[in-house]
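Observations on chain architecture
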Amino acid sequence: MKLHAQTRRSVLVGAGSTVLAGTSGLFAPARAEGLAPTKNMRGGWNNYLPNAPIVDRIGGGGFWMTGTVRRAGDGAPLAGQRIQIWAHTTEGHERDQRSHGATLTDANGHFRLEMPQVVPAFDQAHGHLAYDSGDFIPVFLRPVMANSSDTTLAAHFVLQPV
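Remember, it's a predicted structure, so these values are computed and weren't measured experimentally.

**As for the overall build of the chain**
Scanning the chain from terminus to terminus reveals one helix and seven strands. Ordering the α and β elements of the chain from the N terminus gives α-β-β-β-β-β-β-β. Counting only residues that meet the buried cut, the chain has 38% of its 162 residues in that class. Roughly 9800 Å² of accessible area belongs to the chain as shown, and the carbon and sulfur atoms make up 54% of that amount.

In structure tokens, the structure reads:
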């Protein structure tokens, strides 16, 4: 049996590896505690119209806005939350009432709403989404699409109770 002598280098490398693993969370369980609430995005509230109706689809469809809604802190999915969606599309400007609609999250906190293809406004293809129902602090988002020919755009909310 061959014995390896412990050198100063092997001790330092072993200790350093243990410290790095411990501080990186490799030995700690994964937790959602402390999940920070989503912050408002600049311009997210542009052309906002309060109380848009809950709809099955905005206009002729063909494009999907999707996302999730979770509670700040523990990350629990939030069912039945109203998300308002609007955008500049092939069928109307984002300020037009016909370009606005709302949907509710499902039991897993997911939402999706079909609408006409989103097109660039101010040289950016983007959507607007808002949580404004009252149980949590309102949040307004303005995510930008990676490519104006994309047919989906996702946005995720982490809401802080009022």
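What follows picks up the thread again.
**Considerations on the sheet that holds strand S4 (residues 110-115)**
Ordered by their spatial adjacency, three strands build an open sheet running S4-S1-S7, and the pairing between neighbours is mixed. Two strands bound the open sheet, and with one partner strand each, they are S4 and strand S7 (152-159). The sheet shows a mean angle of 20° between the axes of neighbouring strands, taken without regard to direction.

**Some thoughts on the pattern of salt bridges**
Within this structure, the stated rule accounts for three salt bridges. Asp 132 is paired through a salt bridge with Arg 82; the nearest N and O atoms lie 2.8 Å apart. With a gap of 50 residues between them, Asp 132 in the loop between strand S5 (127-131) and strand S6 (139-141) and Arg 82 in strand S2 (residues 82-87) connect regions that are remote in the sequence. We classify Arg 82 as buried; its relative accessible area is 14%.

**Describing the sheet that holds S5**
Sheet strands pair via backbone hydrogen bonds, and the direction of the pair is either parallel or antiparallel. The four strands lie next to each other as S3-S2-S5-S6, forming an open sheet whose pairing is antiparallel. The open sheet is flanked by strand S3 (100-104) and S6, the only strands paired with a single partner. Neighbouring strand axes in the sheet, compared pairwise and without regard to direction, differ in orientation by 20° on average. Inspection of the sheet shows S5 paired to S6 by three bridges, in the antiparallel sense. What sits directly across from Leu 129, in S6, is Leu 141.

Rules of the game
- Residues numbered from 1 in each chain as written.
- Predicted model: local features only at pLDDT ≥ 70, side-chain atom pairs only at ≥ 80, totals over all residues.
- Heavy atoms only, no water.
- Helix = DSSP H or I, 4+ residues; strand = E, 2+ residues; numbered from the N terminus.
- Buried < 20%, exposed > 50% of the residue type's maximum accessible area, 1.4 Å probe, protein only.
- Areas by Shrake-Rupley, 256 points an atom, 1.4 Å probe, with all protein chains shown as cover.
- Pairing = 2+ DSSP bridges.
- Axes fitted to C-alpha atoms, helices over the stretch in contact; angles between N-to-C directions.
- Salt bridge = Lys/Arg side-chain N within 4 Å of Asp/Glu carboxyl O.

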